[in-house]
Amino acid sequence: LVQARLEYHEAALAAFATALRHRPSYLEAAYNRAQLLTRLQRKEDALQAWRDYLQRDAASDWAEIARARIQILQSP
């Protein structure tokens, strides 16, 4: 997250991927990865990241945010 805030985007994405590989249930890493991809306007990657997030967590308040992000990204 610090790397993302410092705008080391690729390093941050790699760190999120590593975290999720070691601990797939790490919701914050999945959420922050999707947020960063959205902010970087990497639409297809962001959509997949939000969908991946929902596979990990389909019921929390964060899941509702994920669903909303997916709708926004899918709109023309």
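A. Quick look at a nonpolar patch on the surface. Taken together, the side chains of Val2, Leu6 and Tyr8 make up a nonpolar region of the molecular surface, amounting to roughly 330 Å² of accessible area. Mapped onto the elements, valine 2 comes out in helix α1 (residues 2-5). Since its relative accessible area comes to 58%, valine 2 is described here as exposed.

B. Representation of the nonpolar core. The biggest cluster of nonpolar side chains holds 21 residues, and the ones touching the most others in it are Leu36, Trp50, Tyr53 and Leu54. Elements that contribute at least two residues to this core include exactly α2 (9-22), α3 (27-39), α4 (43-56) and α5 (61-74). Among all residues touching tyrosine 53, those that are not within four sequence positions of it are Leu27, Ala30, Tyr31, Ser60, Trp62, Ala63 and Ala66.

C. Main features of α4. An ideal rise of 1.5 Å per residue puts 20 Å on 14 residues; α4 measures up with 20 Å between its terminal C-alpha atoms. Taken residue by residue, α4 has Ala46, Leu47, Ala49, Trp50, Tyr53 and Leu54 as its buried positions. Each buried residue of α4 lies within a common arc of 165 degrees when the element is viewed along its axis, so the set occupies one face. For α4, exposure combined with an orientation more than 90 degrees from the buried face picks out Glu44 and Gln55.

D. Local environment of the packing of aromatic side chains. Applying the stated criterion to the full structure yields 3 aromatic pairs. Judged by centre distance (5.3 Å) and plane angle (80 degrees), the ring pair of tyrosine 31 and tryptophan 50 falls under edge-to-face. Placement of the pair is tyrosine 31 in helix α3 and tryptophan 50 in helix α4, with a sequence separation of 19 residues. Overall, the relative accessible area of 10% leaves tyrosine 31 in the buried class. Taken together, the aromatic side chains of Tyr31, Trp50, Tyr53 and Trp62 make up a single cluster linked through ring pairs.

Each value, and the rule that gives it
- Residues numbered from 1 in each chain as written.
- Predicted model: local features only at pLDDT ≥ 70, side-chain atom pairs only at ≥ 80, totals over all residues.
- Heavy atoms only, no water.
- Patch = residues over 30% accessible without salt bridge, like charges linked within 9 Å, V, L, I, M, F, W, Y side chains within 5 Å.
- Areas by Shrake-Rupley, 256 points an atom, 1.4 Å probe, with all protein chains shown as cover.
- Salt bridge = Lys/Arg side-chain N within 4 Å of Asp/Glu carboxyl O.
- Helix = DSSP H or I, 4+ residues; strand = E, 2+ residues; numbered from the N terminus.
- Buried < 20%, exposed > 50% of the residue type's maximum accessible area, 1.4 Å probe, protein only.
- Core = buried A, V, L, I, M, F, W, Y, C linked by side-chain atoms within 4.5 Å.
- Contact = heavy atoms within 4.5 Å.
- Expected span 1.5 Å × (residues − 1).
- Arc of directions from axis to C-beta.
- Phe/Tyr/Trp six-rings, centres within 6.5 Å; stacked < 30°, edge-to-face > 60°.

Interpretation note: all reported values are geometric properties and have no functional meaning in isolation.
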